[in-house]
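The lines below spell out each chain.
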Amino acid sequence: MSSNDETPRTPGNPLREELPEEVETKTPRNTPAETTEARTQQAGPERSGPAAPTGRQRLVAGLWPPRVSRAQLIVALLLFGLGFGLAVQVASNSDSDGALRGARQEDLVRILDELDDRTQRLEEEKQGLEDQRTELENSSDQAEEARKQTVEKEKQLGILAGTVAAQGPGITLTIADGKGTVEADMLLDAVQELRAAGAEAIQVNGVRIVAGTYLTDVSGGVAVDGNKIGSPYRFKVIGKPQDLEPALNIPGGVVQTLEKEQATVTVERSDKIVVDALRPAERPDYARSSSQ
């Protein structure tokens, strides 16, 4: 045997065939995160179940289907009614202001002048009443002064009641209704506009207009306090012409409304208007003066 085949021997050790060294395989240690993940993966199939709802799913579940209580329903109805009322009010204001919104500058200036004249007229009436009170307080013969004022007041009340004739400056309003489209409410609007402008005495086609006058539609015309009148309707009005005529001609006013109905309207100023249609003085059945 050659020396190359001989197995070296170590003194003191038995003869043996050397084996290859065992390589120790070390299992790497897992980190805590990897361990937790692995455990979760292993336990996943065993703990499978319904997934937890997301935030969006919880929000949808809370809002639908809606849960409405009785109090919430009442509040919703009240808010709806309030909103509807406000909408109607705004629409109404828009309709009433539409004519003035489209008016010319000259018309707006005339309307403002008319309002200033009305204010001035009320101030003058107030001042007149204050002067009467002062005269009563300072007059040496208060009884005589009171009698004079009573007579004057009686005349004024007679004009307003239509029991005495009157004359003074004013206008004549003529409405020719060839188409038969003018109705009682249109004439009533004219009367109310004239009163608001300071008319002190009015008659139409021989019928005196007073506080209790009523107008109705009848066949072939209009009835004033039961008296039938027909076209042309002629109003005689005593008052300040500078106030009466502009009041009828404001944008969207009496004249424009009647002209839309194809009626012909004319307004004439005069320094002397005679209102001589009279109403009988009616004595009340039950009412008596408190001074008696």
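Above this text is the structure in question.
Let me begin by describing the structure that accompanies this report.

Conventions and cut-offs
Residues numbered from 1 in each chain as written. Predicted model: local features only at pLDDT ≥ 70, side-chain atom pairs only at ≥ 80, totals over all residues. Heavy atoms only, no water. Helix = DSSP H or I, 4+ residues; strand = E, 2+ residues; numbered from the N terminus. Buried < 20%, exposed > 50% of the residue type's maximum accessible area, 1.4 Å probe, protein only. Pairing = 2+ DSSP bridges. Axes fitted to C-alpha atoms, helices over the stretch in contact; angles between N-to-C directions. Contact = heavy atoms within 4.5 Å. Salt bridge = Lys/Arg side-chain N within 4 Å of Asp/Glu carboxyl O. Patch = residues over 30% accessible without salt bridge, like charges linked within 9 Å, V, L, I, M, F, W, Y side chains within 5 Å. Areas by Shrake-Rupley, 256 points an atom, 1.4 Å probe, with all protein chains shown as cover. Parallel < 35°, antiparallel > 145°, perpendicular 65-115°, else oblique. Left-handed = near helix turned anticlockwise from the far one by under 90°.

## Details of unusual backbone geometry
Both trends apply: most residues other than glycine have a negative phi, and most peptide bonds are in trans.
Phase 1 of the analysis: Going from Ser231 to Pro232, the amide bond is cis rather than trans, its omega being 0 degrees.
Phase 2 of the analysis: Secondary-structure assignment places Pro232 in the loop between strand E6 (227-229) and strand E7 (233-238).
Phase 3 of the analysis: In the Ramachandran plot, Asn205 falls in the positive-phi region, its phi being about 50 degrees despite a non-glycine side chain.
Phase 4 of the analysis: Secondary-structure assignment places Asn205 in the loop between strand E2 (201-204) and strand E3 (207-209).
Phase 5 of the analysis: The partly exposed category is assigned to Asn205, whose relative accessible area is 31%.
Phase 6 of the analysis: Despite not being glycine, Asp225 has its phi angle at roughly 55 degrees, a positive value.
Phase 7 of the analysis: Along the chain, Asp225 falls in the loop between strand E5 (221-224) and E6.

## Points about the sheet that holds E3
Phase 1 of the analysis: On the basis of which strands lie adjacent, the open sheet formed by five strands has the order E3-E2-E7-E1-E8 and antiparallel pairing. Of all the strands in the sheet, just E3 and strand E8 (264-275) have a single pairing partner and so form its edges. Between one strand axis and the next, the sheet turns by 25 degrees as a mean value, whatever way the strands run.
Phase 2 of the analysis: Lying over the sheet, helix H6 (residues 184-196) contacts strand E1 (166-176), E2, E3 and E7, oriented at roughly 10 degrees with respect to E7.

## A short note on the pattern of salt bridges
Phase 1 of the analysis: Enumeration over the complete set of coordinates arrives at five salt bridges.
Phase 2 of the analysis: For Asp243, the salt bridge is made with Arg121, and the minimal N-O distance between the two is 3.0 Å. One end of the pair, Asp243, is in helix H7 (residues 241-248); the other, Arg121, is in helix H4 (residues 105-138), with 122 residues separating them in the sequence. Summarising the burial analysis for this pair, Asp243 and Arg121 share the class buried.
Phase 3 of the analysis: Note that Arg269 and Glu245 form a salt bridge whose closest N and O atoms lie 2.4 Å from each other. Placement of Arg269 in strand E8 and of Glu245 in helix H7 is noted, with a sequence separation of 24 residues between them.
Phase 4 of the analysis: One network of salt bridges, with partners in common, ties together Glu114, Arg118 and Glu193.

## Here's the deal with the sheet that holds E5
Phase 1 of the analysis: Here we have three strands laid out as an open sheet, ordered E4-E5-E6, and antiparallel in their pairing. Each having just a single partner strand, strand E4 (215-218) and E6 make up the two edges of the open sheet. When strand polarity is set aside, the average angle formed by the axes of neighbouring strands in this sheet is 35 degrees.
Phase 2 of the analysis: Pairing geometry for E5 and E6, over three bridges, is antiparallel. Bridging across to E6, Val224 finds its partner in Asn227.
Phase 3 of the analysis: Here H6 sits on the sheet in contact with E4 and E5, set at roughly 155 degrees to E4.

## Focus: the environment of Gly212
Phase 1 of the analysis: With respect to the secondary-structure elements, Gly212 resides in the loop between E3 and E4.
Phase 2 of the analysis: Residues Gly212 and Ala161 lie 51 residues apart in sequence; the distance between their C-alpha atoms is 9.3 Å.

## So, a nonpolar patch on the surface
Phase 1 of the analysis: A contiguous nonpolar patch, built from Val75, Leu79, Leu82 and Leu86 and spanning about 400 Å² of accessible area, is present on the exposed surface.
Phase 2 of the analysis: Within the fold, Leu82 resides in helix H3 (residues 70-101).
Phase 3 of the analysis: We classify Leu82 as exposed; its relative accessible area is 53%.

## A few points about the packing of H4 against H7
Phase 1 of the analysis: Across the interface, H4 lies against H7 with an axial gap of 10 Å and an inter-helix angle of 135 degrees. With respect to H7, the element H4 is oriented oblique. Of the two elements, H4 crosses H7, and the hand of that crossing is left-handed. Touching Arg110, Glu114, Asp117, Arg118 and Arg121 of H4 are Asp243, Pro246 and Ala247, all from H7.

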